[in-house]
Amino acid sequence: MAWLFVITTVLAVVASAVAVIWLYGKFGMPKAVAGLAFMGIAGIGGLGPLIFKKESGKVTCDERDTLINRRAALAGFGTAYMLVGAVCMVPFFVLGPLGSISVTWLPMIFMGAGICTFFAHSVAILLQYGWRGKNGK
Amino acid sequence: MANSELKNQIRRLRFENGEMTQQQLAERAGVTRQTIIAIEAGKYAPSLTLAFRIAHAFSVTIDQVFQYEEEKLQD
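Residues numbered from 1 in each chain as written. Chains lettered and ligands numbered in written order. Predicted model: local features only at pLDDT ≥ 70, side-chain atom pairs only at ≥ 80, totals over all residues. Heavy atoms only, no water.

### Considerations on the pattern of salt bridges
Residue and element names in this part refer to chain B. Evaluated as defined, the whole model comprises four salt bridges over all chains. Measuring nitrogen to oxygen at the nearest pair gives 3.6 Å for the salt bridge that ties Glu40 to Arg11. With Glu40 in helix α3 (residues 33-40) and Arg11 in helix α1 (residues 10-16), this residue pair connects regions lying 29 residues apart in the sequence. Overall, the relative accessible area of 15% leaves Glu40 in the buried class. Between Glu16 and Arg12 there is a salt bridge whose closest N-O contact spans 2.8 Å. Within this pair, Glu16 and its partner Arg12 are both found in helix α1, separated by four residues, close to a single helical turn. The exposure class assigned to Glu16 is exposed, which follows from its relative accessible area of 51%. (Salt bridge = Lys/Arg side-chain N within 4 Å of Asp/Glu carboxyl O. Helix = DSSP H or I, 4+ residues; strand = E, 2+ residues; numbered from the N terminus. Buried < 20%, exposed > 50% of the residue type's maximum accessible area, 1.4 Å probe, protein only.)

Printed below as a string of structure tokens:
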């Protein structure tokens, strides 16, 4: 399921970036922001539990899975914290203490942090299971 | 500086218990087969509760399944 999250997240980010760049070249801002609609692709990841159904009567999650998930969540939030920190500090150093940025960046930073958490969480799960997933030896 | 490692006899005990499969042991211990694979390979140190459950699955004591080894490394 982590693979599905990684693939949908990457697809969403790439498709959105391409759309925003293309729309920016054609219509300029703020219409280019409409390209972010492709972030909806990441929502396909939410269908994971429906696609990968649990087998009844079989243990599908134990203490190791819980530990891996907890570590992955920490990695996800840690990465998002670093990203938000960097995004907050870069304008300060680039524009200076008297500079200003548009408030439209704020929801984008919020969304970016969410995507980053989601992505880093999934990658951390894959790394801990060794890329081949739970079924790999 | 000390480096600690948890050794286990799961593989040997499985074969001594009628060539028990990893899946059978997993079912008895109430975990996934992947967790048994990870423990057997020394990649995951189980909780005390799980260690007891594994020992009970083999009807042996916990120290017959797991051995704690501390290696002293020279700096």
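### What about the interface of chain B and chain A?
Of the residues lining the interface, 14 residues belong to chain B; the matching set on chain A comes to twelve residues. The junction of chain B with chain A conceals about 1,000 Å² of combined surface from both sides, 52% of it contributed by carbon and sulfur atoms. By the criterion of area lost to chain A, the three top residues of chain B are Thr32(B), Gln34(B) and Tyr44(B), representing 47% of everything that side buries. At the junction of chain B with chain A, the criterion picks out zero salt bridges. Applying the counting rule to chain B against chain A returns four residue pairs in polar contact (both at pLDDT 80 or more). (Contact = heavy atoms within 4.5 Å. Buried area = accessible area lost by both parts, 1.4 Å probe. Polar contact = N/O pair within 3.5 Å; in protein donor to acceptor, adjacent residues only side chain to side chain.)

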